Amino acid sequence: MVVSLKPLDRKILRDLWRIRSQAFAISLVIAAGVGMVVMSLGMMRSLDATRDAYYDLYRFADIFAPAKRAPKSVLEEIKAIPGVSVVEGRINAGATLDIPGIAEPITTRIHSIPSGREPRINALVLRSGRWPDPKQPDEVLASEKFAEAARIGLGDNIDALLYGKRQHLRIVGTALSPEYIYAIGPGQIFPDNRRFGVLWMGEEHLAASLDLTDAFNEALVRVDRSADARDVTRKLDRLLARYGGVSAYPRSEQISDRFVTNELAQLKTMTGILPPIFLGVAAFLINTVLSRMIDAEHEVIGLLMAFGYRGQAIMLHYAKIAVALSVPGLLLGLALGSWLGRGLAAMYQNFFVFPFLNYRAGLDIYALASLATVAVVLLGVFQSVRRVQRMTPIEAMRPPLPPNYAGAAARLIGRMRALDEPTRIILRGILRRPIRSALGSLGVAAALGLYITSAGSHDNVARMIEILFDQSNRADVIVTFAEPRDQRAIFALQRAPGVWRVEPMRIVGAKLMGPRQSKSEGLTAATPGDDLNRLVDIDGTITGPPPRGVLISYGLSNELGLSIGDPLEVQVTEGRRGHFTLPVAAIIQSAVGSPAYVDATMIAAKMNEAPLLSGAYLGVDPARIDELYRYLKVTPAIAGVSLRAAARTGLDETIGETMGIVTMFNTGFSALIVFGVIYNNARISLAERSRDLASLRVLGYRRSEVSYILLGELAILTIIGLPFGIAFGYLLSRWLSSSLGGDLFIVPFGLTASTVAQAVLLVLFAATITALFVRRRLDRLNLVAVLKTWD
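A few points on the structure. Because the structure is predicted, anything quoted here is derived from the model rather than measured.

### What about the overall build of the chain?
Counting its regular elements, the chain contains 22 helices and 24 strands. The proportion of buried residues among the 791 residues of the chain is 54%. Across the chain, the fraction of contacts at a sequence separation of at least 24, relative to all contacts at a separation of at least 6, is 83%. About 34500 Å² of surface is accessible on the chain, with carbon and sulfur atoms providing 59% of the total.

### Considering the pairing of strand β24 (residues 638-643)
Burial of β24 is extensive: 6 of the 6 residues sit out of reach of the surface. Pairing analysis gives 5 bridges linking strand β12 (residues 477-485) to β24, with the strands arranged antiparallel. Considered in β24, the bridge of Thr 480 is made with Gly 640.

### A few points about the pairing of strand β23 (residues 613-620)
Among the 8 residues that make up β23, 8 are buried, leaving the element largely enclosed by the rest of the structure. Here β12 pairs with β23 via 5 bridges, running antiparallel. Within β23, the position partnered with Val 477 by the bridge is Leu 618. One ladder, built from 6 bridges, connects strand β13 (residues 499-508) with β23; its direction is antiparallel. When the bridges of β23 are listed, Val 499 appears paired with Val 620.

### Comments concerning unusual backbone geometry
Positive phi values are uncommon outside glycine, yet Asn 122 reaches one of about 55°. With respect to the helices and strands, the residue Asn 122 is situated in the loop between β4 (106-113) and β5 (125-129). A residue is classified by how much of its surface remains accessible, and Asn 122, at 3% relative accessible area, is buried. Despite not being glycine, Asp 214 shows a phi value in the positive range, around 60°.

### Observations regarding the pattern of salt bridges
Counted according to the given criterion, the structure contains 27 salt bridges. Here Arg 251 ties to Asp 62 by a salt bridge, and the two come within 2.9 Å at their closest N and O atoms. Here the residue Arg 251 occupies a position in the loop between β11 (249-250) and α7 (255-295), and Asp 62 occupies one in the loop between α2 (20-57) and β1 (63-71), the gap between them amounting to 189 residues. Exposure remark for Arg 251: the relative accessible area of 19% places this residue in the buried category. Judged by relative accessible area, which is 18%, Asp 62 ranks as buried. Between Arg 463 and Glu 466 there is a salt bridge whose closest N-O contact spans 3.3 Å. One end of the pair, Arg 463, and the other, Glu 466, are both in helix α14 (residues 434-472), 3 residues apart, so they sit about a helical turn from each other. Overall, the relative accessible area of 33% leaves Glu 466 in the partly exposed class. Connected through salt bridges with shared partners, the residues Asp 48, Arg 51 and Asp 52 form a single ionic network.

### Describing the sheet that holds strand β19 (residues 550-553)
Pairing is mixed in the open sheet, where 11 strands are placed in the order β15-β14-β20-β21-β19-β22-β16-β13-β23-β12-β24. Sheet topology places β15 (518-520) and β24 at the edges, where each strand pairs with a single neighbour. Across the sheet, the axes of successive neighbouring strands diverge by a mean angle of 30°, strand direction being ignored. In this sheet, strand β20 (residues 567-572) lies alongside strand β14 (residues 510-513) in antiparallel orientation, the contact comprising 4 bridges.

### A word on helix α20 (residues 703-739)
Given a rise of 1.5 Å per residue, 37 residues ought to cover 54 Å, and the 52 Å separating the end C-alpha atoms of α20 matches this to within 8%. Taken as a whole, α20 carries its principal kink of about 30° at Leu 722; the proline Pro 723 stands between one and four residues after it.

### A look at empty space enclosed by the protein
What the rule picks out here adds up to 7 cavities of 30 Å³ or more. Going through the elements one at a time, β2 (84-90) and β4 are the ones with two or more residues in the lining of the second largest cavity. For the lining of the second largest cavity, the leading source of residues is β2, giving 3 residues. Within the lining of the second largest cavity, the residues separate by chemical class into 7 nonpolar, 4 polar and 4 charged.

### Concerning the nonpolar core
Formed by 73 residues in total, the largest nonpolar core has its most connected members in Val 38, Met 43, Leu 47, Tyr 182, Tyr 348 and Phe 352. Counting only elements with at least two residues in this core, the list comes to α1 (7-18), α2, α7, α8 (298-306), α9 (311-352), α10 (363-389) and α14. Ile 102, Ile 110, Ala 160 and Leu 199 belong to the second largest nonpolar core, which has 26 residues in total.

### Quick word on a nonpolar patch on the surface
On the surface, a nonpolar cluster with roughly 290 Å² of combined accessible area is contributed by Val 323, Val 327, Leu 331 and Leu 378. Accessibility expressed as a relative area gives 53% for Leu 331, which makes it exposed.

### A short note on the sheet that holds strand β10 (residues 215-223)
Sheet strands pair by backbone hydrogen bonding; their relative direction is either parallel or antiparallel. Taken in spatial order, the 4 strands line up as β2-β10-β1-β11 in an open sheet, and their pairing is antiparallel. Both edges of this open sheet fall to β2 and β11, since each of them pairs with a single strand only. Direction of pairing for β1 relative to β11: antiparallel, over a ladder of 2 bridges. Bridged to Phe 64 within β11 is Tyr 249. Lying on the sheet, helix α6 (residues 229-240) is in contact with β1, β2 and β10; it crosses β1 at an angle near 15°.

Here is what the cut-offs are and how they apply
Residues numbered from 1 in each chain as written. Predicted model: local features only at pLDDT ≥ 70, side-chain atom pairs only at ≥ 80, totals over all residues. Heavy atoms only, no water. Helix = DSSP H or I, 4+ residues; strand = E, 2+ residues; numbered from the N terminus. Buried < 20%, exposed > 50% of the residue type's maximum accessible area, 1.4 Å probe, protein only. Contact = heavy atoms within 4.5 Å. Areas by Shrake-Rupley, 256 points an atom, 1.4 Å probe, with all protein chains shown as cover. Pairing = 2+ DSSP bridges. Salt bridge = Lys/Arg side-chain N within 4 Å of Asp/Glu carboxyl O. Axes fitted to C-alpha atoms, helices over the stretch in contact; angles between N-to-C directions. Expected span 1.5 Å × (residues − 1). Bend = angle between axes of the 7 residues up to and from the residue. 1 Å grid on protein atoms, 1.4 Å probe; cavity = no way out; pocket = protein on both sides within 12 Å on 5 of 7 lines; lining within 4 Å. Points joined across faces, edges and corners; volume = space filled by probe spheres on them. Nonpolar A, V, L, I, M, F, W, Y, C, P; charged D, E, K, R; others polar. Core = buried A, V, L, I, M, F, W, Y, C linked by side-chain atoms within 4.5 Å. Patch = residues over 30% accessible without salt bridge, like charges linked within 9 Å, V, L, I, M, F, W, Y side chains within 5 Å.

Shown next, in the form of structure tokens:
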């Protein structure tokens, strides 16, 4: 059976074959925009769904209520609080580990697990091995990522220094917990799985080690969906106050959930900014390309009208061409976005330590990307065809009138005797079609700006690392104490091997209350003149603690609803539990966290206590660092050790790698748009000017001169677009970095000249490759075939 095609349908096939190379470039641009949307929206949805499913399946606590020592009988009283569905007590302790093959002391957090059953709240995902035997007090589970990074396996023995007591432990299994999707230890700001781990030990043995038999030091609570969690939290605080309760806090303030929520919020911000811009730029460029293609066929449209084809048939014909050009790129973008989304999901699963993470974009995302692309493309077709249809058939078929060179600009170019004739032809061609020339430069600028924005994300992360580790945190080692210590701890650390400088660290547990809400956040007590841990904002400005009042981060001020001069109500949750008010003396934009800084002497007076230490910042001689490690491993008062070099390396390997892969995806999409835009500009210009160029060849111009005219015009338009693209990329990158600020991170703006230069070189490289293709096409130009259409 032979299928008979209508004449216009046969024309569609001929046109598509004729512009096959342009169709390929168009497909690349569409694929980049669609792929970006599918990858980003799908990843955001997958992360959100995975987190919620993980929390529900493994019963992540809604409220955490620490205490000093509370009898288990109190759990029944907690259960009686209206709104509480499940409650479980557990024991927590900080410890340091001595692992063979690792010189530095390892910080760990040890949690108890009930004997003979799994935890009812914060259940564990057993990844390998078995549960600890209640009859074997030395058996523990280790967090999976820690075990892998520290290279400890099932059956390995490790030594733990637990509140001054050395314990010999044996690993019998590895596990994951919803409490440690993002695992960071004391003094750390980013995950370092090699130097911080989590252990789970049988409740009886851990209780005996800490003198907490028949007691607990933290209550985990899950509340009914209809319950008021804030009311439950207040009642918990009142109930546990007589047992040393340290301000119960909701899941949203738990450190792992805060980081995951912050990452999701930043991903949503990026999804709301970059993908629509990518798709919008791609759609704009495709619209421009199709409009110029249709304008170049206005004689064909006039001929169709003369043969009796109605406007609807002509409109449908070009709509089919537009859809046919869009479909390959659309399908490629959907497939590419899904494939990259799965790769990105695997990376996030490793970074955030989910037991499962399935990438699912959903039919609605595919439909949204498809409809947006096709709608914009059809809009461009409609506008262009309607513009030609307003002409009569004879007007549409008439060749374009010769350009008017009587204007002032044309006369000025004519008087430039230093310019040769081909150069004057280039300049006159640009000026006689100002809108088309402007759109060509604008397309280059948009593509260049997207590339600068995508590649500049890496510069922003590098700037954040520089602020954190070169300007702010300059201590080689940070130690944290199990309990606050007096000033004698400073003198002891000054005598430690290799230590040449010691500065005190004091973090006061407190609940901060403002007009908008209250939040559990430590007050960081600083001393004027500190050099190892300085207060630095994202612009690199160094400041000190105010002598009176409190200095808070921009994120914290937004959460609490505070401005400079407003009173901040402080409820201390340790020691004598003072309650006082401090004026907000200053607000800074901190790169990491939502800190609140006070003067150490002033806060000690407010709390009616001698200055205490939560830890210390150490400057260490690198040649004696191993001696210091051995000293810290046997020092009972130390609960955690953080190393600046290790933290920086860990940041490069985690945040840097994560951002690097995402940036690579975005940059790849941008590069596709750059090549697609420049190539399409060149091919359409060749189609529009083929008659003029062929005429010049007949008049005696050499091939090199004809190539110079076309490629010179493209070069000028590309160069004109460069400064606008740089400006667009700079502004977009700066806006994106300011929009990504959360309560845990504010990404500083750090776009470098090298990134801009790299982007410009990419555009020039794309232009050069395109020039080679166009020159080859020009050399093969059939003069007779081109000129025979002149009537």
